[in-house]
Amino acid sequence: MPNIIQERQFWSEVRNTVNVVWENKYGYQELLANCRELTQTYPFVTVHTIGHSVLGKPIVALRCGTGARSIHMNGAFHANEWITSAMLMRFVGDYAASCAEGRSICGELALRLHEETTLWAVPMVNPDGVELAQQGALPTHPFYSQLMAWNEGRESFAEWKANARGVDLNDQFPAHWEEECQRREVQGPGPRDYPGPYPLSEPEAMAMANLTTAQRFDLTVALHTQGEEIYWNYRGYEPKESEQLAERLALVSGYKPVKLTGSDAGYKDWFIQRFRRPGFTIEAGRGENPLPPQQLPAIYEAVKPLLVEALSLHREREL
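Residues numbered from 1 in each chain as written. Predicted model: local features only at pLDDT ≥ 70, side-chain atom pairs only at ≥ 80, totals over all residues. Heavy atoms only, no water.

**Comments concerning the nonpolar core**
Most often, soluble globular proteins have nonpolar side chains that are buried together.
So, point 1. Of all hydrophobic cores here, the largest spans 59 residues; its most connected members are M73, F91, Y95, I230, Y255, F280 and L307.
So, point 2. In terms of residues, this core owes the most to one element, helix α3 (residues 83-101), which gives eleven residues.
So, point 3. Within the second largest apolar cluster, 23 residues are counted, among which are V122, A205, M208 and L211. (Core = buried A, V, L, I, M, F, W, Y, C linked by side-chain atoms within 4.5 Å. Buried < 20%, exposed > 50% of the residue type's maximum accessible area, 1.4 Å probe, protein only. Helix = DSSP H or I, 4+ residues; strand = E, 2+ residues; numbered from the N terminus.)

**Things to note about unusual backbone geometry**
So, point 1. A cis amide bond, omega 10°, links T225 with the succeeding residue Q226.
So, point 2. Residue placement: Q226 occurs in the loop between β7 (219-225) and β8 (229-231).
So, point 3. Cis geometry marks the peptide bond from N289 to P290, where omega comes out at 0°.
So, point 4. By secondary structure assignment, the location of P290 is in the loop between β10 (279-284) and α11 (296-311).
So, point 5. Positioned with a positive phi, H176 is a non-glycine residue whose angle comes to about 50°.
So, point 6. Within the secondary structure, H176 is located in the loop between α6 (144-150) and α7 (177-184).
So, point 7. Of the residues examined, H176 reaches a relative accessible area of 24% and is grouped as partly exposed.
So, point 8. One non-glycine residue, E228, lies in positive phi territory at about 55°.

**A few points about the pairing of strand β2 (residues 58-65)**
So, point 1. For β2, a buried count of seven out of eight residues is recorded, marking the element as mostly surrounded by other parts of the structure.
So, point 2. In the sheet, strand β1 (residues 46-52) pairs with β2 via six bridges, with the strands oriented antiparallel. Across the sheet, the residue bridging to V47 is L62, located in β2.
So, point 3. Connecting β1 to the antiparallel partner β2 that follows it, the hairpin turn spans five residues, and G56 within it adopts a positive phi of roughly 90°.
So, point 4. Where β2 lies against strand β6 (residues 117-122), four bridges are found, and the strand directions are antiparallel. For L62, the partnering residue across the bridge sits in β6 and is A121. (Pairing = 2+ DSSP bridges.)

**Considerations on the layout of surface pockets**
So, point 1. Roughly 420 Å³ of volume is contained in the largest pocket.
So, point 2. As for the largest pocket, its lining consists of 26 residues, of which H78, N170, R184, S263 and E283 are closest to the centre.
So, point 3. Among the secondary structure elements, those contributing two or more residues to the lining of the largest pocket are α7, β7, α10 (267-275) and β10.
So, point 4. In terms of residue class, the lining of the largest pocket is made up of five nonpolar, eight polar and 13 charged. (1 Å grid on protein atoms, 1.4 Å probe; cavity = no way out; pocket = protein on both sides within 12 Å on 5 of 7 lines; lining within 4 Å. Points joined across faces, edges and corners; volume = space filled by probe spheres on them. Nonpolar A, V, L, I, M, F, W, Y, C, P; charged D, E, K, R; others polar.)

**Some details on the sheet that holds β1**
Backbone-to-backbone hydrogen bonds pair the strands of a sheet. The strands run either parallel or antiparallel.
So, point 1. Ordered by their spatial adjacency, eight strands build an open sheet running β1-β2-β6-β3-β7-β10-β8-β9, and the pairing between neighbours is mixed. Taken across any chain shown, the strands that pair with only one partner, and hence form the sheet edges, are β1 and β9 (256-258). Within this sheet the neighbouring strands show an average axis-to-axis angle of 25°, counted without direction.
So, point 2. Note that strand β3 (residues 69-74) and β7 share four bridges and pair parallel. Looking at the pairing, N74 lines up with A222 of β7. (Axes fitted to C-alpha atoms, helices over the stretch in contact; angles between N-to-C directions.)

Given below as structure tokens:
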């Protein structure tokens with residue numbers, strides 16, 4: 001596949017970036033350390049680079065499974081929703097351990113899922129933005145002056161959703177993008193809601209589009225926060241079974257399936273429109289973003305069975 005760098009090349013590229021540790025936060029360096037540990041412990045999980053962020057950080061994808069059915073999951077499109085990265089990494093770790101030990105995960109035999117599906121997980125789509133949301137814009141940041149202006153002089157970037165260029169990556173996809181621009185009415189870079197100068201202008205969004213086009217996933221799940229809701233439709237482009245599949249995800253998680261209107265240009269929107277296959281946005285947890293990391297265990301307990309169910313949605317099951 002184009003733009004994929006295998007594991008040895010990947011680690012030679014990023015080994016000097018694992019330097020900083022944030023207390024009680026899951027950031028890019030934790031992600032890299034966990035990827036290394038995961039792939040060393042479970043050699044059947046492989047790590048890949050699918051592209052690079054604005055600041056050159058490799059965007060990591062984990063691959064697990066040998067099946068013909070290709071499933072994609074992602075987290076942290078929005079910087080202040082970085083808890084979704086921890087959630088997805090924990091899930092991949094639990095799934096890999098269940099495969100290695102030959103046991104079930106949420107009632108499903110993990111090895112059966114491994115044989116039926118291939119999971120591609122991108123835990124942190126927006127590493128530059130996550131870094132901003134967690135540690136702010138340091139004077140050494142290459143865009144320091146612009147970022148401080150875009151953030152209206154505020155030192156805290158905790159509410160920052162965008163990437164390093166102030167673009168909302170989940171408003172970047174060519175699915176009625178022009179209408180999303182009109183709806184947002186945001187004219188330039190900032191903490192949130194700026195769709196960019198044109199679709200896929202940002203390298204992070206382009207990396208996701210390239211990966212998706214190359215792999216032609218059968219189903220996608222995008223993790224966001226918050227609201228405990230499942231968005232499953234897009235302008236009638238979704239396949240007829242999408243609502244029923246969303247009900248299955250709701251049944252195991254307790255989340256509410258919602259038929260969403262008045263939203264365009266998101267990754268899930270573009271996937272459904274482009275491929276006419278089931279795509280879901282999961283709004284995990286409740287509260288105000290960024291959700292505190294102390295909520296991760298409880299949120300994960302609801303999301304874990306939902307992600308397992310997503311891997312088995314191809315099988316018939318009565319609601």
